[in-house]
Amino acid sequence: MSPTSPASTTRTRSTRRLTTAQALVAFLARQYTERDGRRHRLISATWGIFGHGNVAGIGQALVEAGHGGNGTAYRMPYLQGRNEQAMVHAAVGYARQSGRLSAHAVTTSIGPGATNLVTGAALATINHLPVLLLPGDTFATRPADPVLQQLEVPYAGDVSVNDCLRPVSRYFDRVTRPEALIPAALQAMRVLADPAETGAVTLALPQDVQAEAYDWPEELFAERVWRVRRPAPDTAELEAAVRAVRSARRPLIVAGGGVRHSAAEETLAAFTAATRIPVASTQAGKGALRHDHPADVGGIGHTGTATADELARTADLVIGVGTRYTDFTTASGTLFENPAVRFLNLNITGFDAHKLAALPLVADARTGLEALTSALAGRGYRIDPAYETEYTGAKEAWEEQVEASFTTPDPTARPTQTQVLGLLDTLVTEEDILINAAGSLPGDLHKLWRTRSRDQYHVEYGYSCMGYEIPAAIGVLLATGAQGHEGRPVWALVGDGTYLMNPTEIVTAVQEDLPLRLLILQNHGYASIGGLSEAVGGERFGTAYRHRDADGGFTGPPLPVDLAANAASLGMRVLRATTVDDLRKALAEARSAEGPTCVYVETETPDTVSGPPPAQAWWDVPVAETASRPAAVTAREEYDRRVAARRHHL
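In this text the structure is predicted, and so the values were computed from the model without any measurement. (Residues numbered from 1 in each chain as written. Predicted model: local features only at pLDDT ≥ 70, side-chain atom pairs only at ≥ 80, totals over all residues. Heavy atoms only, no water.)

## Focus on the sheet that holds strand E22 (residues 573-577)
Pairing is parallel in the open sheet, where six strands are placed in the order E19-E18-E20-E21-E23-E22. Looking at the sheet topology across the chains shown, the edges are occupied by strand E19 (457-459) and E22. Neighbouring strand axes in the sheet, compared pairwise and without regard to direction, differ in orientation by 20° on average. Where strand E20 (residues 490-495) and strand E21 (residues 516-522) come together, six bridges link them in parallel fashion. Looking at E21, one finds that Ala492 is bridged to Leu518. Against the sheet, helix H18 (residues 441-448) touches strand E18 (433-436), E19, E20 and E21, its axis set at about 150° to E19. Strands in contact with helix H24 (residues 580-591) are E20, E21, E22 and strand E23 (597-602); relative to E22, the strand with the most contacts, it is inclined by about 160°. (Pairing = 2+ DSSP bridges. Helix = DSSP H or I, 4+ residues; strand = E, 2+ residues; numbered from the N terminus. Axes fitted to C-alpha atoms, helices over the stretch in contact; angles between N-to-C directions. Contact = heavy atoms within 4.5 Å.)

## Re the nonpolar core
The biggest cluster of nonpolar side chains holds 52 residues, and the ones touching the most others in it are Leu268 and Ile300. When residues of this core are assigned to their parent elements, the largest contribution, six residues, is made by helix H15 (residues 365-377). Apart from residues no more than four positions distant in its own chain, Leu268 is found in contact with Ile253, Ala255, Val259, Val279, Ala288, Leu289 and Leu369. Among the nonpolar cores identified, the runner-up in size contains 50 residues, and Val168, Ala204, Ala472 and Val476 belong to it. (Core = buried A, V, L, I, M, F, W, Y, C linked by side-chain atoms within 4.5 Å. Buried < 20%, exposed > 50% of the residue type's maximum accessible area, 1.4 Å probe, protein only.)

## Some thoughts on the pattern of salt bridges
All told, the structure shown has 41 salt bridges when counted by the stated rule. Here Glu388 ties to Arg276 by a salt bridge, and the two come within 3.3 Å at their closest N and O atoms. Here Glu388 is found in helix H16 (residues 385-406), whereas its partner Arg276 is found in the loop between helix H11 (265-275) and strand E13 (279-281), with 112 residues between them in sequence. The exposure class of Glu388 is partly exposed, given its relative accessible area of 21%. Notably, a salt bridge pairs Arg576 with Asp562, separated by 2.9 Å at the nearest N-O pair. (Salt bridge = Lys/Arg side-chain N within 4 Å of Asp/Glu carboxyl O.)

Treat this as a map of the structure, not an account of what it does.
Shown next as C-alpha cells:
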C-alpha cells in the first residue's frame, strides 16, 4: 500500500514574506496586556537612533509600519531620541506612568549605540520596569570580520558588545536566524508582561539577519493578549501572616513600589482603616497614601522622617508590602532595633518576600492585602489606641519641621533648595507629577514632600541615575497624552550636575511639542556627594564646579557655566529667577505655560547642603581605616561607633 499523499491530509499554511525586522515590528504592533478586564497595547511606540547596524533593518521596517505597510492597518509610532541611554530612560518613565501595562521599544545600531543602553537597562531591571531593547549586532554570517565597531574577542567568536546587556536584562537572546525570532519574541513578551519577572528585555539583532527575508506563518501576526496575573496568597502563608499581625503590639507597614505597580493604594487605605497600622514608605512607595492620610508617617530609612524611623526602631512586626529593602530603607541594617522584631513580607516575588528572614506572603500586593484584610476582619484586630495617638502626635510634630524648612521669610533673598520645594509645594495640585533621581533632592523630597496623588511622586532611587529626569519626564508626558498646553503638569527637577550629564532630550521635548516643566537648581557642583564626602573624611574633594586654585585644587571662583543659556539654545523658553519672589512668579508662569519651559535658579548652599532636617538614620559608606588627615580619622571613629549597631535579622 502506497503512503497517503501529504497534499490530501495537510491544509496549506498561509505565510507572509517579510524581512526579520519587518516581521518583528508587525508582531510587536499586535501584542497587548490585560489586567482587571482592561486591555493595553504592550509596545506602543519605538524609540530609535539609526546607524549602519539598524538603519536598513529595523529602520526600514519602521518606515513601513509608520505608513501601514505589509498589508496591515497596525502602526508602530516612532520617536526620535538624541542619546541611547536617554531613550531607555524615556521608555522607563513611560512604563512606570503606564502602570507597567504598556511599554516602549528602543532600537540602536551596533557598537557605541548598543553599549549606551547598558545604564538604562540596569535602571529598568533594578526598578522592575519593562522596556524592550533592540540593538543591532554584528553580521551573523561573518562575510567580513571584523566589521565597523565590532569588538574582537580572541577567545570567543560569538561574543559582541551586546553581551554587556546580559547581566542587566531579565531576558536576552541573539536572533542569528530569521526563524529563531519566533520563540525569542514570544519569550520577550512573556517576560515584559510578567509582574514578577519584568525589566529590560534584549533581543540582539545581527544586521544581516534584520534584512533577510523569510516566509512567516500568519499566526505570528494575530493579536495576542498577555494577561497580567494577580496571584493570590497560599492559604497556609496567609494564616501565618494573620497570626503574626494579631500578635503584634507595635506593627509598622513599609510600603514599596509594588503597591503602586499593583494599583493597590485603595486596598492599602482600606487595610489601615481596619487596623490603624501606620504606613511608612520607601522612595518607590511614597504616595501609596496621601500625605494627609491619618496613617501616613512619611518616608522611612536614611532619608526618612523622624516619625517613621522612630516607629521602625520600636516596631515588633514590620510588614513589607512590595519592597526590596534596600540599604537606604533599612539604614544599612541598623534601623529595626527592637530585639523581638519580626518581618512579614507581602511580595509578588519569592526572592523579595523572604528577605530579612521574614514570613513570606507571596502574592500580588492588592490581592494579598485584600486577603489579609478579609482574614483579619472577623477576628477583631486593631492596634492599641495609645499607639495610634503616639504616631499621629509625632507626625504633627514633624509637619512643624517641614513648615519651618519651607518657610521663606525674606522674599528678596536667594532661596535654599528646600525653600524652592516649599514654593513648588504651594503651587501644585494632585494633577502635578514631580520627577527626580539623584543628588540631594531625593533626600529632601523623601523627607519633606507632601504627596497629593498616587502618581505625583516619581523619584527613581533604585539606581539613582543622574540624567534620568528629563527623558523620563518626556516618557511620562507621552503616557499622559500631553501635547502643547494640554495635559498634566510634569516637572523634571535637576541640579546642575545632573543637567550636565544628559540635557539632550530637551530637543525631543521641543520636537514633540511636549509641555515639559524643567526646574534647574544651580549650586555649582555635586552638592549631595560633597556633603557625603565631608562626612566620611573626603573633604569635598572633586565635588565643586570651580576653577583650580594656586595649589591645584578646585577652590577657585565658580565656573562661568550658563545652564539657562544652554537650555534656551536647545529650544526651551527659559525663566530666570534670582530671589524667592522671582522664583514664586516664575514657577507659576511655567506651570501654565504652553510648550517646554525652564525655570532656572541659583540656590543658597549652606553647610548642611540643602537645609532640611538632618538624616534621621544612618547609611553605611565605609571610611578609610587608616589615614593621616584629621578629617578621615575623626570620620572613622564615628563610623566604628555606628557600624557596631548593624545586625542581621535571622
